[in-house]
Amino acid sequence: MGQGKSQFTEEELQDYEDLTYFTKKEVLFAHQKFKALAPEKVGHNKNAKLPMAKILQYPELRVNPFRDRICKVFSSSNDGDCTFEDFLDMMSVFSEMAPKAVKAEHAFRIFDFDGDDMIGVSDLREVIERLCGPDLKLSDSEIQQLVQNVLEEADLDDDGALSFAEFEHIIDKSSDFCHSFRIRL
Amino acid sequence: MSGGNSKGKARSKRHEGWEEAGGEFYQELYPGAEQELFEHLQRADAAKLATLLPSKQARNTTTVKRARSQNERRQSTFARTTQSRDIHLSMMPDLSENLSNEERTWEEIMQIKAMPVPMNQKRELKAKLQNATKLRLQGLENIHWQQRKVWHRFRIRFGEILGKLEMWQSPMREIEGTFGTGVVSYFLFLRWLLFLNLAISLFVILFLIVPKTVLVETTYDCDEYETNSTVCCSHAYLNRNLTESNIVLDVIQGTGWMERTILFYGVYSDQIYTYFIKTFWETHLYYNMPLAYILVPITWALLSLIAIVKAAAKGFKEKLVESEGQFYLYCNLVFGGWDFCIQNDKSAKIKHKALFNEVKGCLEEERFKEEKQLRSRESQIFLHLRRILINLIVLIILIASGVLIYVSFNYSLDRLSAKTAIQVDSDGPDKLYVNRTWEKLASHLSIDRNYQVLGLYRESSFLEQLENTLLEFLPYICIVVLNLIVPEIFNYLIGFEDYLPARVIIVTLLRTVLLRLSSLAVLLSQIYMFIVSNDLTCSWGNDEANGLECWETYLGQQLYKLILTDFALQFVTTFLINLPRAFLARHSSSRCLKIIGEQDFYLPKHVLDIIYVQTIIWMGSFFCPFLPIIGTVYYFLIFYVKKFTCLTNCTPSPVVYKASKSKSLFMSVLLLGFVVSITPVAYSVAELLPSVNCGPFRGYNTVWEYVIDTFERFPLVLREFVFLLGTSVFAVPAFALLLLFLYYYWAVATANRHMVSVLKNQLVLEGHDKQFLLNRLSAFIRQHQKRCERRNRASFADDDSSIRQSSR
């Protein structure tokens, strides 16, 4: 219990500072935010594991079309439930300081729905459908066209799916990605 | 097969090179993998062969390895340099080869954060690295490392402090949460302008305003000089009794007592301040006011130029990379489309919709392009005709608005001068003079009566004063209103032109910029005519202020008024017009009212608003040194006004604004504004006769003449040197050299572009090769499997038959 400050030892904070893109103060701030999601639970155990539903109450995640994927990617138990450390990892990747390569790495995993280490046609379809939201539906032929276009642009080796190298290549050329793939703490 | 063989050889050679580069990685992967591979191949599902390729293996390990190996390479070079530094150490058997030193470990720990693994694994890794045996650094290296560590820590702290100082963080976050990154980039731009103005203001305050207020001018008595000398003229101008008038009106017009304040050009001294400080030095200290007055504008102009170019260059670099990848349109849309910072439901919904529209738009655009190729010649001609017609209309509107400004300016000038002319007959100087002396005598005789008259005048003429003020402001109101209405018309017209959506923004932006700048140009040219047509007369002997004793101040006043009008208008439109509209839209269900009331945050318009103000500031800062300070305050206030517009009045725009593109666009427009605003100032500095009565340059033919005069007093060597720079001996080779550099970089850029396309082709070919080999392999495996099965069956059959035989 008690204040956020007293919940961490100096050593832990130093660890967090070394292992994330945050300073100590930001780590504490992140913990406050984490605590706000479930004050009771986190009050007892600073590194409590919160179920995915709780994590998804974080404002930016709540409306994000890829929210469940984000949680799963960052969850250390791979089921979407996050401890504070997972949350901190997540925020660190989404922070402004994180370099493009790190962001691209995680973005790839977020977009890779079926987990086969390739962004295939089904993954692309899923991404597009989620982007347009639950209310608006593109017609099947439109989605097909769009997937076709994306693959035409990015699939250099013509195998009908994007490998990480290809994905990274796109991200390198996209200056918008860094602006948009970011959550301010 | 010989050809194939050599090719294979070449490939294997390349392969070797490759292996060398990532040696560790492959050594580790292959030996184990080989057996595994065969096992896989035995059971392989032919379609899944591709997942066995090294490039498709789990990247967790590869990225970590990659980061490591890079690290190692850097360290090895580092080690080499240190080795060469102390050779005597390297003579001894080197046990340190496998051990890392403290610095290396530290570097590796810093690299951990980039790994995509959960925190506890990271922590384990860190602990492992920390506990591993390592060499202690000694001597110079240790100091070097400590320095690095301290620097790193300092940078973090500094960043933290800077982050705290960063203005408007929470409003930015709020805006970002509802409107996305494109709109935030506008507010960042606004903040950037604020800081630019702050920097300019600092210069102005430090070098003009503080010296002016602190240092004491020596006063000369006019009696010792001729009546038309600068001393007498300015004496007469500065000491003239001010006509009494309303303080409020003075403040908003910059006339009356305001005219004699440090706000305007007029009061700045033409003297070189001399100071004699006994206690410190036994010498005189000088402060050359006129020189400061010309150097400060040059400094801030250069400062702004560098700032713009630096910001724009960053944008251009991004744009260049992007334009090379024009083909990445859809990828950008799909992978970079969502703003992860959006945090409320409504904006999320709108963002979904915007993305939906964008996708549809892009697909349609493609279809549109295809259609365009198919489109008949007639319809194309028709389209072009329509575009030409609309461009003509736009041109006519632009000219008409120019004429309107011209007329209103002349009208207000005529009316105002007619009013003053009631008192002043303009028959001729002699008669005027007689008139004046008579008036003077009369006023001396009947002061009391005069006061009464004055009082009467003041009572009766409040309305008149108001009218005067309105007349004074008429051209500015006209400009501002035009700026408000005409863009709407342009917006409407562009609908007929069938441009691509991205093009629409640029075209409207350009037209609106043209409108704004042309209106400014008309105003300036009017003022210019006015200045030139009125002879610059000495104030000595002319008791009546005839409006133009100090044209620089006059010009400063005009621009000052323009800024005030603009701010008032921003304020009024936001709070008195748009707020009720938004209120209506929110609280009524009527469709009609909703259409009237709903507004989206149309980015180009708001960008123009602030760039326009910046243009005025640049234009006026020479004549009204206070303008940058006013500008700073303006931007500070306008941020809140715009934030209010954005968050309260507007709904998120259905157009997707790209943060990266909009930034470079802002900067290019700003650069245009800069050129447009600096040109007239430069012209006036170089060509126009400064007024005799006021300012730092009274008595010179041009402002620049003063600079040349000062330059003549420099030591001979320096002068010669600068002259040499100007001669063809220097200029021609320098120019040629620059051209050469330009050509060189251009050539390098082209070569790189060519290389990129070659590599891309190669990549595609490799991809095909891989595909081909995989197909072959899978076919082979299938065959193999079939053969195995057949053999198995055959052996079964054999067994069967043998069993049968044996049973018999």
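Definitions and cut-offs
- Residues numbered from 1 in each chain as written.
- Chains lettered and ligands numbered in written order.
- Predicted model: local features only at pLDDT ≥ 70, side-chain atom pairs only at ≥ 80, totals over all residues.
- Heavy atoms only, no water.
- Helix = DSSP H or I, 4+ residues; strand = E, 2+ residues; numbered from the N terminus.
- Buried < 20%, exposed > 50% of the residue type's maximum accessible area, 1.4 Å probe, protein only.
- Contact = heavy atoms within 4.5 Å.
- Core = buried A, V, L, I, M, F, W, Y, C linked by side-chain atoms within 4.5 Å.
- Buried area = accessible area lost by both parts, 1.4 Å probe.
- Salt bridge = Lys/Arg side-chain N within 4 Å of Asp/Glu carboxyl O.
- Polar contact = N/O pair within 3.5 Å; in protein donor to acceptor, adjacent residues only side chain to side chain.
- Nonpolar A, V, L, I, M, F, W, Y, C, P; charged D, E, K, R; others polar.
- Patch = residues over 30% accessible without salt bridge, like charges linked within 9 Å, V, L, I, M, F, W, Y side chains within 5 Å.
- Areas by Shrake-Rupley, 256 points an atom, 1.4 Å probe, with all protein chains shown as cover.
- Lys, Arg positive; Asp, Glu negative; His and termini not counted.
- pLDDT = per-residue confidence, 0-100.
- Charge placed at Lys NZ, Arg CZ, Asp CG, Glu CD.
- Phe/Tyr/Trp six-rings, centres within 6.5 Å; stacked < 30°, edge-to-face > 60°.
- Lys NZ or Arg CZ within 6 Å of the ring centre and 35° of its normal.
- UniProt positions renumbered as here; feature names shortened; annotations may be inferred.
- Expected span 1.5 Å × (residues − 1).

(A) Seen up close, the overall build of chain B. Of regular secondary structure, chain B possesses 27 helices and 6 strands. Among the 808 residues that make up chain B, the fraction classed as buried is 37%. In chain B, of all internal contacts separated by at least 6 residues, the share reaching a separation of at least 24 is 78%.

(B) Expanded view of the overall build of chain A. Within chain A, the regular secondary structure consists of 12 helices and 0 strands. Written out in order from the N terminus, the α and β elements of chain A read α-α-α-α-α-α-α-α-α-α-α-α. If one aligns the C-alpha atoms of chain A with their principal axes, the spans along those axes are about 55 × 30 × 25 Å. Each of the 185 residues in chain A was classed as buried or not, and the buried ones make up 62%. The long-range fraction of contacts in chain A, counting pairs at least 24 apart against all pairs at least 6 apart in sequence, stands at 56%.

(C) Region of the structure containing the nonpolar core. Membership of the largest hydrophobic core comes to 109 residues, with the highest contact counts inside it found for Phe 187, Phe 189, Leu 562, Phe 601, Phe 622 and Tyr 635 of chain B. The element contributing the most residues to this core is helix H9 (residues 181–214) of chain B, with 13 residues. In this structure, Phe 187 of chain B is in contact with Met 172, Ile 175, Phe 601, Phe 639, Lys 642, Lys 643 and Cys 646 of chain B, ignoring residues within four places of it in sequence. In this structure, Val 27, Val 42 and Ala 107 of chain A together with Phe 340 of chain B belong to the second largest nonpolar core, which totals 82 residues.

(D) Focus on the interface of chain A and chain B. The partner chain B presents 69 residues to the 76 residues of chain A that form the contact. Summed over both sides, the interface between chain A and chain B buries roughly 6700 Å², with carbon and sulfur atoms accounting for 58% of that surface. Area buried by chain A at its contact with chain B is led by Leu 19, Glu 153 and Lys 173 of chain A, which between them contribute 12% of it. Taken together, chain A and chain B are joined by 5 salt bridges. Across the pair Asp 15 of chain A and Lys 126 of chain B runs a salt bridge, and its minimum N-O distance is 2.5 Å. Linking chain A with chain B are 9 residue pairs in polar contact (both at pLDDT 80 or more), by the criterion used here. Across the side of chain A that touches chain B, the residue classes tally to 35 nonpolar, 15 polar and 26 charged.

(E) Representation of the pattern of salt bridges. According to the stated counting rule, one finds 16 salt bridges over all chains in the structure shown. Put simply, Glu 85 of chain A and Arg 123 of chain B hold a salt bridge, and the shortest N to O gap is 2.1 Å. With Glu 85 of chain A in helix H7 (residues 84–94) and Arg 123 of chain B in helix H6 (residues 119–131), this residue pair bridges two chains. By relative accessible area, which is 9% here, Glu 85 of chain A ends up buried. Ionic pairing is found between Glu 96 of chain A and Arg 182 of chain A, a salt bridge with its closest N-O pair at 3.8 Å. Placement of Glu 96 of chain A in the loop between H7 and helix H8 (100–111) and of Arg 182 of chain A in the segment after helix H12 (175–180) is noted, with a sequence separation of 86 residues between them. Because the salt bridges share partners, they merge into one network encompassing Asp 15, Asp 18 and Glu 85 of chain A together with Arg 123 and Lys 126 of chain B.

(F) Region of the structure containing a nonpolar patch on the surface. The grouping of Ile 381, Leu 385, Ile 388, Leu 392, Leu 395, Ile 399, Val 403, Tyr 406 and Val 407 of chain B at the surface amounts to a nonpolar patch, some 850 Å² of accessible area in total. Counting through the fold element by element, Val 403 of chain B comes out in helix H15 (residues 377–421).

(G) Looking closely at unusual backbone geometry. Even without being glycine, Asp 117 of chain A reaches a positive phi, approximately 65°. A relative accessible area of 21% places Asp 117 of chain A in the partly exposed class.

(H) Geometry of the side chain of Asp 566 of chain B. Residue and element names in this part refer to chain B. With respect to the element layout, Asp 566 can be found in helix H20 (residues 551–587). Although Asp 566 lies buried, it forms no salt bridge, and the closest oppositely charged side chain, Arg 516, sits 5.2 Å away as judged by the N-O distance. Here Asp 566 is in contact with Val 480, Tyr 612, Val 613 and Tyr 634, once residues within four sequence places are set aside.

(I) Spotlight on the confidence of the model for chain B. Residues and elements named next belong to chain B. On average, residues of chain B carry a pLDDT of 74, and 74% of them reach 70 or more. Mean pLDDT values over the elements of chain B span from 37, in helix H16 (residues 429–445), up to 89, in helix H23 (residues 627–649). Note on residues 1–31: pLDDT is under 50 here. Beyond four places in sequence and across chains, it has 12 contacts. For residues 423–460, every residue scores under 50 in pLDDT, and the model assigns this stretch 15 contacts once sequence neighbours within four places are set aside. Confidence estimates for the predicted assembly give a pTM of 0.73 and an ipTM of 0.85.

(J) Structural view of a positive patch on the surface. All names here are of chain B. A cluster of like positive charges, contributed by Arg 782, Lys 786, Arg 787, Arg 790 and Arg 791, occupies part of the molecular surface. Residue position: Lys 786 is located in helix H27 (residues 728–807). Residue Lys 786 is classed as exposed on the basis of its relative accessible area, which comes to 53%.

(K) Representation of the packing of aromatic side chains. All chains considered together, the criterion is met by 51 aromatic pairs over all chains. Measuring from centroid to centroid gives 5.1 Å for Phe 66 of chain A and Phe 111 of chain A, while their planes differ by 80°, and the two rings are edge-to-face. One end of the pair, Phe 66 of chain A, is in the loop between helix H5 (59–62) and helix H6 (67–74); the other, Phe 111 of chain A, is in helix H8, with 45 residues separating them in the sequence. On the accessibility criterion, Phe 66 of chain A (1% relative accessible area) is buried. Summarising the aromatic geometry, the rings of Tyr 744 of chain B and Tyr 745 of chain B are spaced 5.2 Å apart at their centres and angled 70° between planes, so their arrangement reads as edge-to-face. A cation over a ring is seen here: Arg 516 of chain B above Tyr 612 of chain B, with NZ or CZ 5.0 Å from the ring centre.

(L) Region of interest: the UniProt feature "transmembrane region" (unreviewed entry) in chain B. Residue and element names in this part refer to chain B. When the UniProt feature table is mapped onto this chain numbering, "transmembrane region" (unreviewed entry) sits at residues 189–210, 291–309, 388–409, 473–493, 513–531, 611–637, 665–683 and 721–746. Span residues 291–309 is 100% helix and 0% strand, its end C-alpha atoms 27 Å apart. A distance of 30 Å separates the end C-alpha atoms of residues 473–493, which is 100% helix and 0% strand.

(M) Examining helix H2 (residues 24–37) of chain A more closely. Helix length check: H2 of chain A, at 14 residues, gives a terminal C-alpha distance of 20 Å against a target of 20 Å (1.5 Å per residue), a fit within 8%. By the burial criterion, the buried members of H2 of chain A are Lys 24, Val 27, Leu 28, Ala 30, His 31, Lys 33, Phe 34, Lys 35 and Leu 37 of chain A. Lining the buried residues of H2 of chain A we find helix H1 (10–19), helix H3 (39–44), helix H4 (52–55) and H7 of chain A together with helix H8 (169–179) of chain B.

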